[in-house]
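Given next are the chains, with one letter for each unit.
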Amino acid sequence: MADEGKLVLEALAGRRPSATPIWLMRQAGRYLPEYRAVRTKAGSFLDLCYNPDLATEVTLQPIRRFGFDAAILFSDILVVPHAFGQNVWFAEGEGPRLDPIADRDGLSRIAGTIDLERLEPVFETLRRLRRELPRPVTLLGFCGAPFTVASYMVAGKGTPDQAPIRLLAYRDPEFVAALIDRLVEGSIAYLSQQIEAGAEAVQIFESFAGALPPALLPRWSVEPVRRIAEGVRQRHPGARIIVFAKGAGARLADYAGFADALGIDWASDPAEADGIVPPGLAVQGNLDPLALIAGGEAMETGIDAALTGFAGRPHIFNLGHGIRPETPIAHVERLVQRVREARA
Ligand code: CP3
């Protein structure tokens, strides 16, 4: 079997792996001195994303250091708007910036379809990773979910509560639907090509599911993510898909019908989340990234809660959101050791 010995793929196939696999969202990043060294050399953040030599290197760094069970492609969700022709840049110390698209005029300034040529370096990175990764390590691709990506495209930056796109979704739903439709089609093409380049599973990041009132979640989040999952599986019937809908809370199960695993965020209680997710479906999560920074008792308690809460189903250990730059490396080492001990 292709996934034999690959703990993450076993969990995604709905089997209880012989041991709990672990990887961390944003595992390549500024908490690692070796990442900061490469980042300085690369120039801008996007230059790093589009440099297969350096992107391969930073993807491998956390695998070498901690022996995680999955490697996630080093890139960003905002390469998709970039490949639609929107201007995207990362202001040093301020995060992402884009020329905002707030109406149909703005929409006419970007391409109707995604330009995958522009993303060729990303596919090359995946091909190299597939050759270089140790055999048991699962290679993950990813994209942002349409609502999350659109929130950056509309506001031109990160916003505390995604107010610009939420307001537009009330005032001009046809515009928002047109933007989301474009992203659905682009994401299907993008993820399919990632799988062709060697990604063994893909994760869809809906970081802002929690910004949508429950009544609006189906239209702007669940449906677009479902269409992506189904579109990808039409091209790649065996495709494995992880959905991380941060803040979906009790509505998490709405994504269950088309996901091979559901990401659980740090705001969810593991035992409660376990009661919401259909039996047998794999979950991924959910240690609070701040408990990892704090270490000690807080971290040990959090690790145990996740291991115990999800013990009855396939579980991929992860954080409940991305690792932060101020995280001590020693705490990550302890986390990995603790999850491995629990395997015995
Ligand atoms: O997980 C990994 O190691 C793979 C790489 C990855 C990055 N971003 C690298 C990155 C992934 C999977 C992402 C996803 C991403 N990017 C999301 C969804 C996940 C989430 O965190 O909610 C979002 C919303 C983005 C958009 C984004 N990119 C923001 C808001 C920022 C700035 C925040 C920050 O930490 O500076 C980025 C930049 C970014 N993406 C960095 C990294 C390593 C830091 C850039 C740097 O090195 O200066």
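Here, every reference points to the structure presented above.
About the thresholds
Residues numbered from 1 in each chain as written. Predicted model: local features only at pLDDT ≥ 70, side-chain atom pairs only at ≥ 80, totals over all residues. Heavy atoms only, no water. Helix = DSSP H or I, 4+ residues; strand = E, 2+ residues; numbered from the N terminus. Rg over C-alpha atoms; globule rule 2.2 N^0.38 Å. Buried < 20%, exposed > 50% of the residue type's maximum accessible area, 1.4 Å probe, protein only. Contact = heavy atoms within 4.5 Å. Areas by Shrake-Rupley, 256 points an atom, 1.4 Å probe, with all protein chains shown as cover. Lys, Arg positive; Asp, Glu negative; His and termini not counted. Charge placed at Lys NZ, Arg CZ, Asp CG, Glu CD. Near = heavy atom within 4 Å. Polar contact = N/O pair within 3.5 Å; in protein donor to acceptor, adjacent residues only side chain to side chain. Nonpolar A, V, L, I, M, F, W, Y, C, P; charged D, E, K, R; others polar. Pairing = 2+ DSSP bridges. Axes fitted to C-alpha atoms, helices over the stretch in contact; angles between N-to-C directions. Core = buried A, V, L, I, M, F, W, Y, C linked by side-chain atoms within 4.5 Å.

A. Region of interest: the overall build of the protein. What the protein contains, in helices and strands, is 15 helices and nine strands. Expected size for 344 residues packed as a compact globule is a radius of gyration near 20 Å; at 19 Å, the protein falls within 12% of this value. Taking the principal axes of the C-alpha coordinates as reference, the protein spans close to 60 × 45 × 40 Å. Sorting the 344 residues of the protein into buried and exposed places 59% on the buried side. Pairs at least 24 residues apart make up 72% of the contacts formed inside the protein by residues separated by at least 6 positions. Roughly 13,500 Å² of accessible area belongs to the protein as shown, and the carbon and sulfur atoms make up 51% of that amount. One finds the centroid of the 37 positive side-chain charges in the protein at a distance of 1 Å from the centroid of its 42 negative side-chain charges.

B. Examining the site of the ligand more closely. Surrounding the ligand, one finds 21 residues, the nearest of these being Arg 26, Arg 30, Tyr 35, Asp 76 and Ser 207. Taking Gln 27, its main chain carries an N or O atom lying 3.2 Å from an oxygen atom of the ligand. For the ligand, the accessible surface in isolation is 870 Å², of which the surrounding protein chains cover 87%. Residue classes in the shell around the ligand are distributed as 13 nonpolar, four polar and four charged.

C. Main features of the sheet that holds strand 5 (residues 201-206). If you trace the seven strands from one edge of the open sheet to the other, you get 1-4-5-6-7-8-9, paired in parallel fashion. Lying at the two open borders of the sheet, with one neighbouring strand each, are strand 1 (70-72) and strand 9 (315-319). Ignoring which end each strand starts from, the neighbouring axes of this sheet average 25° apart. Pairing of strand 7 (residues 261-263) with strand 8 (residues 282-287), which is carried by three bridges, proceeds in the parallel orientation. When the sheet's bridge partners are listed, Gly 263 is paired in strand 8 with Gln 284. Across the sheet, helix 11 (residues 217-235) lies against strand 5 and strand 6 (241-245), angled at about 165° from strand 5, the strand it touches most.

D. View of the nonpolar core. Counting 130 residues, the largest nonpolar core has Leu 119, Tyr 190 and Tyr 255 as the members making the most contacts within it. Here this core takes 13 residues from helix 10 (residues 173-197), the largest share from any one element. Other than its neighbours up to four places away in sequence, Tyr 190 contacts Ser 75, Val 79, Val 80, Ile 114, Leu 116, Leu 119, Val 122, Phe 123, Phe 142 and Cys 143.

So far we have only geometry, and geometry alone does not tell us how the molecule works.
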